[in-house]
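Structural overview for review
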Amino acid sequence: QEYTGIRMEVVHWSAATAKTLDSIPSLRGKKVFFVAATLRPETMYGQTNCFVGSAIKYGFFAVNDSEVYVCTLRAARNMAFQGVFQSKGQVNQITEIDGLKLVGTKIKAPFAIHPEVYVLPMENVLATKGTGVVTCVPSDSPDDYQTLLDLRKKPEFYKIDPSWASFDPVPVLSTPTYGELTAPAVVVQLKIQSQKDTKQLAEAKEIVYKEGFYGGTMVVGEFKGSSVQEAKPQVRARMIEAGLAFAYAEPEGLIISRSG
Ligand code: ZZB
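Reference entry: report on the structure contained in this document.

Cut-off values and rules
- Residues numbered from 1 in each chain as written.
- Predicted model: local features only at pLDDT ≥ 70, side-chain atom pairs only at ≥ 80, totals over all residues.
- Heavy atoms only, no water.
- Near = heavy atom within 4 Å.
- Polar contact = N/O pair within 3.5 Å; in protein donor to acceptor, adjacent residues only side chain to side chain.
- Areas by Shrake-Rupley, 256 points an atom, 1.4 Å probe, with all protein chains shown as cover.
- 1 Å grid on protein atoms, 1.4 Å probe; cavity = no way out; pocket = protein on both sides within 12 Å on 5 of 7 lines; lining within 4 Å.
- Sits in = over half its atoms within 2 Å of the grid points.
- Helix = DSSP H or I, 4+ residues; strand = E, 2+ residues; numbered from the N terminus.
- Points joined across faces, edges and corners; volume = space filled by probe spheres on them.
- Nonpolar A, V, L, I, M, F, W, Y, C, P; charged D, E, K, R; others polar.

**Things to note about the site of the ligand**
- Around the ligand sit 20 residues, and of these Thr38, Leu126, Asp140, Lys205 and Tyr209 come closest.
- Taking Thr38, its side chain carries an N or O atom lying 2.7 Å from an oxygen atom of the ligand.
- At 2.7 Å from a nitrogen atom of the ligand is found a main-chain nitrogen or oxygen belonging to Leu126.
- Compared with its free state, where it exposes 720 Å², the ligand has 90% of that area covered by protein.
- Here the ligand occupies the largest pocket.
- Among the secondary structure elements, those contributing two or more residues to the shell around the ligand are strand 2 (31–38), strand 9 (133–136) and helix 6 (198–215).
- Considering every element that reaches the shell around the ligand, the biggest residue donor is helix 6, with three residues.

**Observations regarding the layout of surface pockets**
- When its volume is computed, the largest pocket comes out at roughly 780 Å³.
- Looking at the largest pocket, it is lined by 31 residues, and the ones nearest its centre are Lys129, Val134, Ser141, Asp143 and Lys205.
- For the lining of the largest pocket, the secondary structure elements donating two or more residues are strand 2, strand 9, helix 4 (142–153) and helix 6.
- The leading source of residues in the lining of the largest pocket is helix 6, at six residues.
- Here the residues of the lining of the largest pocket sort into 15 nonpolar, ten polar and six charged.

Encoded structure:
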């Protein structure tokens, strides 16, 4: 899978993380980035949040002398072999932290209408896919939209400040059948009630992917008016040129599990 790794720079840490990181001098003065893996770079205009898995462990990995990436160890190992880190083939982990503690951190959202967004918990984040960090694009991802609704409904249960989930979906592209907010429309159509409705959400994702990719027209950004198919590689190239993203490939599952 050829993903785009989105570099989301930390603006300020959640209280729990700030406390933990205080005791790590080697992080002082470093720029730290959450790295999200996406197959939909053209939707980055519509980020409203970033998701992590509460129970997933995230490593802090030195990229070079001045930058650090936050992602799973598994992703860092892949990155090391793709020339993402200065010392090729080597993973230099500075520390590790539970996803739960990262919740409430504020980060920059490259190309987004909302330039800074909060990190929130999502139940269905897979530790075995991408970087374990997921951008939240509720306009075009049914999982993201439903998770946002769940978080707003039960902020105490999810241990979040309601203000962290306050950005509404931002229209990014228009589809012939559903208009500008395709994911919310399909979530309603399939009567999805919670992020636990994983079967219906998989079906919704399929529908939204197809609608967006084959029928979508951009309604924001430099490629407004272009088809999604045309815009996708161009937005990706722009993000990479601007130093806000990089190519990140995922090997087949079999290879990872064999090498441990
Ligand atoms: C932004 C985005 C916008 C995404 C959208 C999707 C959609 P796939 O096709 O099943 O491989 N993702 C990435 N990593 C993880 C993870 N570790 N756990 C859970 N979800 C993850 O799914 C690839 C997509 O799954 C990625 O692209 C990412 O969300 C998410 F409008 O990034 B996407 C209709 C989907 N729309």
